[in-house]
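Coordinate inspection notes
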Amino acid sequence: MCTRSVVFVLISVVSSCFALPAMSSDDSLCKSTEQVVFTCTVGDEVISLCGVPGQSLQFRLGLPGKPLVSAPKDAEALEAKIHTGSLERHGGKLSYVRLEGESAEYVLYDADWPTLQESGSYTIRDGSAIEVRRCTERHATLAAASNYSVAADSASKAQEIWNLYPHDDTAR
């Protein structure tokens with residue numbers, strides 16, 4: 001496991017009709033004391049959203065067993081750090097969790113279109129989507145994020161996330 005200490009953001013758990021996936025932390029960057037909310041592989045990298053019910057939710061990106069990015073890092077202004085949202089367009093839906101890091105925002109997404117289903121992440125820095133990562137293998141979907149009480153993005157922010165979502169209009 002990673003030896004870097006991480007300050008977790010406190011989040012209260014809400015009841016949900018979705019069950020958390022039964023996964024081990026070996027399939028993700030989550031610690032053995034955390035639940036896997038979302039995880040997927042992108043080449044050699046792993047993207048994970050990890051949670052401790054009643055305590056925390058955190059995004060991690062890195063190599064198996066070695067997170068290189070963790071966000072958010074502090075417990076201040078929870079509402080400003082973790083957000084969820086979704087938009088329906090062209091007969092499909094884009095669901096996401098957005099996390100604010102120290103120097104960038106990280107968006108985990110599930111896209112479900114009539115001709116394409118994909119998940120992944122992208123980093124937003126200076127108003128542009130960079131470091132796009134499309135999952136090659138998905139182990140859990142963002143549906144489990146509904147087990148955590150996080151702020152919903154405004155309609156205008158959801159539209160901004162849609163505009164930055166790295167999509168190909170011909171695929172939908």
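The following paragraphs examine the structure supplied in this document.

Conventions adopted
Residues numbered from 1 in each chain as written. Predicted model: local features only at pLDDT ≥ 70, side-chain atom pairs only at ≥ 80, totals over all residues. Heavy atoms only, no water. Disulfide = S-S within 2.5 Å. Helix = DSSP H or I, 4+ residues; strand = E, 2+ residues; numbered from the N terminus. Buried < 20%, exposed > 50% of the residue type's maximum accessible area, 1.4 Å probe, protein only. Polar contact = N/O pair within 3.5 Å; in protein donor to acceptor, adjacent residues only side chain to side chain. Contact = heavy atoms within 4.5 Å.

Quick look at the state of the cysteines
Such a bond, covalent and formed between the sulfur atoms of two cysteines, is termed a disulfide. Counted under the stated rule, the structure contains two disulfides. Through a disulfide, Cys30 is tied to Cys50; the S-S separation comes to 2.1 Å. When the S-S torsion is -90°, as for the bridge of Cys30 with Cys50, the disulfide is left-handed. In this pair, Cys30 sits in the segment before strand 1 (35–42) while Cys50 sits in strand 2 (residues 45–52), placing the two residues 20 residues apart along the sequence. The exposure class of Cys30 is buried, given its relative accessible area of 0%. On the basis of relative accessibility, which here comes to 1%, the residue Cys50 falls in the buried class. Sequence-ordered numbering of the disulfide-bonded cysteines in the protein gives the connectivity 1-3, 2-4.

Some details on the side chain of Glu105
Its place among the elements puts Glu105 in strand 7 (residues 105–113). Since its relative accessible area comes to 15%, Glu105 is described here as buried. Separated by 2.5 Å, the side chains of Glu105 and Arg98 make a polar contact. Leave out the neighbours within four places in its chain, and Glu105 touches Arg98, Leu99, Glu100, Tyr122, Thr123, Ile124 and Lys157.

Honestly, it's all geometry; don't read function into it.
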